[in-house]
Amino acid sequence: MDERQYRLTKHIINTDFDKAYEIVRNLSEEELEELMLDIGSRTMNLTVYSFMNYLLQLNETSSFHSVTSLLMAFSLCHMEGAYTISLHHA
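Our subject in this report is the structure included herewith. (Residues numbered from 1 in each chain as written. Predicted model: local features only at pLDDT ≥ 70, side-chain atom pairs only at ≥ 80, totals over all residues. Heavy atoms only, no water.)

### What about the side chain of Gln5?
Following the sequence through the fold, Gln5 ends up in helix H1 (residues 3–13). Apart from residues no more than four positions distant in its own chain, Gln5 is found in contact with Leu35, Asp38, Ile39 and Arg42. (Helix = DSSP H or I, 4+ residues; strand = E, 2+ residues; numbered from the N terminus. Contact = heavy atoms within 4.5 Å.)

### Observations concerning the nonpolar core
Grouped together as the largest cluster of nonpolar side chains are 25 residues, with contacts concentrated most on Leu8, Ile12, Met36 and Phe51. Elements represented by at least two residues in this core include exactly H1, helix H2 (17–24), helix H3 (29–43), helix H4 (47–58) and helix H5 (62–75). Top contributing element to this core by residue count: H4, with seven residues. (Core = buried A, V, L, I, M, F, W, Y, C linked by side-chain atoms within 4.5 Å. Buried < 20%, exposed > 50% of the residue type's maximum accessible area, 1.4 Å probe, protein only.)

### Re the pattern of salt bridges
If you walk through the whole model with that rule in mind, you get four salt bridges. One salt bridge connects Glu22 with Arg25, and the closest N-O pair in it is separated by 3.2 Å. Residue Glu22 is classed as partly exposed on the basis of its relative accessible area, which comes to 47%. (Salt bridge = Lys/Arg side-chain N within 4 Å of Asp/Glu carboxyl O.)

### Concerning the environment of Leu8
Within the secondary structure, Leu8 is located in helix H1. Overall, the relative accessible area of 0% leaves Leu8 in the buried class. Measuring from C-alpha to C-alpha, the distance between Leu8 and Ile23 comes to 6.7 Å, with 15 residues separating the pair along the chain. Beyond its immediate sequence surroundings of up to four residues, Leu8 is in contact with Ala20, Ile23, Val24, Leu35, Met36 and Ile39.

### Thoughts on a negative patch on the surface
On the surface, Glu29, Glu30, Glu31 and Glu34 cluster together into a negatively charged patch. Here Glu29 lies in helix H3. (Patch = residues over 30% accessible without salt bridge, like charges linked within 9 Å, V, L, I, M, F, W, Y side chains within 5 Å. Areas by Shrake-Rupley, 256 points an atom, 1.4 Å probe, with all protein chains shown as cover. Lys, Arg positive; Asp, Glu negative; His and termini not counted. Charge placed at Lys NZ, Arg CZ, Asp CG, Glu CD.)

Here it is as structure tokens:
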């Protein structure tokens, strides 16, 4: 895990979404997807989903919905209702 990923994970887990946003705001969809899926898989923490909802509140885009859908379908799929939430975002 590199320094950026460590800081992002720390901010997301601590619900410091403003600071986490500063780290991801200029990333491509592919970079954001890779980071969020990795953080979700490593932490298995629903706070990653909350961060994605925070991003959607700031700017509802199809790319944010796509990443959120993938997060719930793959990284957090062990949680009850995850697939239903994934379909909602898809």
